[in-house]
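The primary structure of each chain is shown beneath.
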Amino acid sequence: MLVLSAPRVVTSHGVLAPGTVGVEDGRIVAVEVGSSLSGKSPGVVLESGVLAPGLVDLQINGCRDVDFVDATPDQWRTAAQWLATTGVTAFVPTFITAPVAELVAALGRGAAAARDLATDAAAAQPLGVHLEGPFLSERRRGAHDPAYLTDPTPEAIEALLAAGGLAILTLAPERVGALDAIRRLVAAGVLVSVGHSDATEAQVTAAADAGARMVTHLYNAQRPLHHREPGVVGAALTDGRLTSGLILDLHHVAPAAMRLAFAAAAGRIVLVTDAVSAAGMPPGRYVLGGAEVTLMAGEPPLRADGAIAGSALRLDEAVANAVAIGLDLPVALDAATRVPADLIGRPDLGRIAPGAVADLVWLGEDLRARATWRSGALVAGRLPPGQAA
């Protein structure tokens, strides 16, 4: 049995200070308060920081100069291994708007990459693909190419489903045929998210009635809150059926708006990075969905027209940012672990509790990942000298 102790262990029921976790056969078998486990001395003693569940990112386009949509197997591995160094143990690679035929081909490549990575002990694991488009609003397109935006016809939806590997699809519910598309996708087990949308509150409510359960990057590229027309933001904050992604890089959304989201929709906020290939890289020029983006120091990536094009955010950094703006650490971690895991239908991930997969991350006092375990095996980082993984 692997036994780990830490000054603070963030569990499903609160913070143990100190706490100890027992792992056997890749699963958590015991969680106790104190510095030992039912008489067993810990094999790993973390003398500072926090032991937390492995982080789960539901929206990430790429990292380390890799754009997932057209990545080679080696590039997938490079990206997934780097993600593990940031504390991410599971992620949903995101492909932005492109012709449907190209997305079908990309879904096939993504499924093949997921099979390859399943045997890579040092990599974060993909949980299917997130398609962000092409069924989006021209008025709220953000960095998406307007030439490829289209309605979600039955033929397009069936082609995407037949390709396999589709886990999340972001669409604008005001597009023609969107509600029928939502019902079909939900019936096929796909998580539908409202995003890049100029929908009214009533239209978002209709989408939730049809089975949509998520809102993509709250506040960004969507009809804002207005006191006479609450729009997408108003619906997201008040409809208990909807959980919203939030890019907490301190560029996309102001701190007061972030705090408002967590207060109004407690337990329904997911921290996402929306990172692009520039993440983990120095300032320079990179690619998002075939279009060039520029990363400058201290700024988010930008397209040539000045539109923000995703982020260069790490998910552990998002957690640290959330704490820096005043959120409690357990709330911030919950939004990057249990909430996204539950939303994607993986209640065995994102928590420190008996029976859960032993995906864990040791965060330093600065809340940056120092070591990561997947299924109880150390996959990234270093432990204190003289300690076994």
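Residues numbered from 1 in each chain as written. Predicted model: local features only at pLDDT ≥ 70, side-chain atom pairs only at ≥ 80, totals over all residues. Heavy atoms only, no water.

(A) Focus on the overall build of the chain. Counting secondary structure elements, the chain contains 10 helices and 24 strands. Taken against the 2.2 N^0.38 rule, which gives 21 Å for 389 residues, the C-alpha radius of gyration of the chain at 20 Å falls within 12% of a compact globule. Principal-axis analysis of the C-alpha atoms places the extent of the chain at approximately 65 × 45 × 40 Å. In the chain, which comprises 389 residues, the proportion classed as buried is 56%. Long-range contacts, defined here as pairs at least 24 residues apart, represent 66% of the contacts in the chain between residues at least 6 apart. In the structure as shown, the chain presents an accessible area of about 14400 Å², 53% of it carried by carbon and sulfur atoms. Taking the average location of the 29 positive side-chain charges in the chain and that of its 39 negative ones, the two points are 2 Å from each other. (Helix = DSSP H or I, 4+ residues; strand = E, 2+ residues; numbered from the N terminus. Rg over C-alpha atoms; globule rule 2.2 N^0.38 Å. Buried < 20%, exposed > 50% of the residue type's maximum accessible area, 1.4 Å probe, protein only. Contact = heavy atoms within 4.5 Å. Areas by Shrake-Rupley, 256 points an atom, 1.4 Å probe, with all protein chains shown as cover. Lys, Arg positive; Asp, Glu negative; His and termini not counted. Charge placed at Lys NZ, Arg CZ, Asp CG, Glu CD.)

(B) Here's a closer look at the pattern of salt bridges. In this structure the tally under the stated criterion is 19 salt bridges. Across the salt bridge formed by Glu138 and Arg175, the nearest N and O atoms sit 3.3 Å from each other. Here Glu138, found in the loop between strand 13 (129-132) and helix 3 (154-163), pairs with Arg175, found in the loop between strand 14 (166-171) and helix 4 (178-187); they are 37 residues apart in sequence, far enough to count as distant. Judged by relative accessible area, which is 13%, Arg175 ranks as buried. (Salt bridge = Lys/Arg side-chain N within 4 Å of Asp/Glu carboxyl O.)

(C) Quick peek at the packing of aromatic side chains. Under the defined criterion, the tally for this structure stands at 2 aromatic pairs. With a centroid separation of 5.6 Å and 25° between ring planes, the pair formed by Phe68 and Phe91 is classed as stacked. Of this pair, Phe68 sits in the loop between strand 10 (66-67) and helix 1 (73-85) while Phe91 sits in strand 11 (residues 88-96), and the two are 23 residues apart along the sequence. Given the relative accessible area of 1%, Phe68 is considered buried. (Phe/Tyr/Trp six-rings, centres within 6.5 Å; stacked < 30°, edge-to-face > 60°.)

(D) Expanded view of helix 5 (residues 201-210). All of the buried residues along helix 5 are Val204, Ala207, Ala208 and Ala210. Here the buried residues of helix 5 occupy an arc of 160° about the axis, which is enough to place them on one side. Across from the buried face of helix 5, at angles greater than 90 degrees, the exposed residues are Ala202 and Asp209. Where the residues of helix 5 are buried, they touch helix 4, strand 15 (191-194) and helix 6 (231-238). Just beyond helix 5, the residue with positive phi is Gly211, at close to 125°. (Arc of directions from axis to C-beta.)

(E) Spatial organisation of the sheet that holds strand 2 (residues 8-11). Spatially, 6 strands are ordered 3-2-7-22-23-24 in an open sheet, and the strand pairing comes out mixed. Each of the sheet's edge strands pairs with one partner strand only, and the pair in question is strand 3 (14-16) and strand 24 (377-381). With direction set aside, neighbouring strand axes in the sheet form an average angle of 25°. One ladder, built from 4 bridges, connects strand 7 (residues 50-53) with strand 22 (residues 360-363); its direction is antiparallel. Directly across from Ala52, in strand 22, lies its bridge partner Val361. (Pairing = 2+ DSSP bridges. Axes fitted to C-alpha atoms, helices over the stretch in contact; angles between N-to-C directions.)

(F) How the structure looks around the sheet that holds strand 20 (residues 291-295). Pairing is antiparallel across the open sheet formed by 3 strands, whose spatial order is 19-20-21. Edge positions in the sheet fall to strand 19 (284-288) and strand 21 (302-303), since each has one partner strand and no second. Sheet topology note: the strand 20/strand 21 ladder contains 2 bridges and is antiparallel. Among the inter-strand pairings, Val293 is bridged to a residue of strand 21, identified as Arg303.

(G) Layout of the pairing of strand 22. Residue alternation in strand 22 divides its side chains into two sets, Leu360 and Trp362 and Val361 and Leu363, and both sets are buried. Both strand 22 and strand 23 (residues 369-374) contribute to a ladder of 4 bridges, which runs antiparallel. Bridge assignment links Leu360 to a residue of strand 23, and that residue is Trp373. The turn linking strand 22 back onto strand 23 is made up of 5 residues, and Leu367 within it adopts a positive phi angle of 65°.

(H) The arrangement of unusual backbone geometry in detail. With an omega of -5°, the peptide bond running from Ala17 to Pro18 counts as cis. Counting through the fold element by element, Pro18 comes out in the loop between strand 3 and strand 4 (19-24). At Asp25, a position not held by glycine, the phi torsion is positive, near 55°. Here Asp25 shows up in the loop between strand 4 and strand 5 (27-33). In the Ramachandran plot, Leu367 falls in the positive-phi region, its phi being about 65° despite a non-glycine side chain. With respect to the helices and strands, the residue Leu367 is situated in the loop between strand 22 and strand 23.

(I) Structural view of the pairing of strand 20. When strand 19 meets strand 20, the two strands line up antiparallel, connected through 5 bridges. Following the sheet pairing, Leu288 is matched in strand 20 by Ala291. Taking the residues that link successive antiparallel strands as the turn, the strand 19-strand 20 hairpin has 2 residues, and the phi of Gly289 there is positive, at about 60°. Hairpin remark: strand 20 followed by strand 21, antiparallel, with 6 residues in the connecting loop; positive phi at Gly298, about 75°.

(J) Spotlight on helix 7 (residues 255-264). For helix 7, every residue scored as buried is listed here: Ala257, Met258, Ala261 and Phe262. One face of helix 7 carries all of its buried residues, which in axial projection span an arc of 140°. Buried residues in helix 7 make contact with helix 6, strand 17 (243-247), strand 18 (269-272) and helix 9 (329-336).

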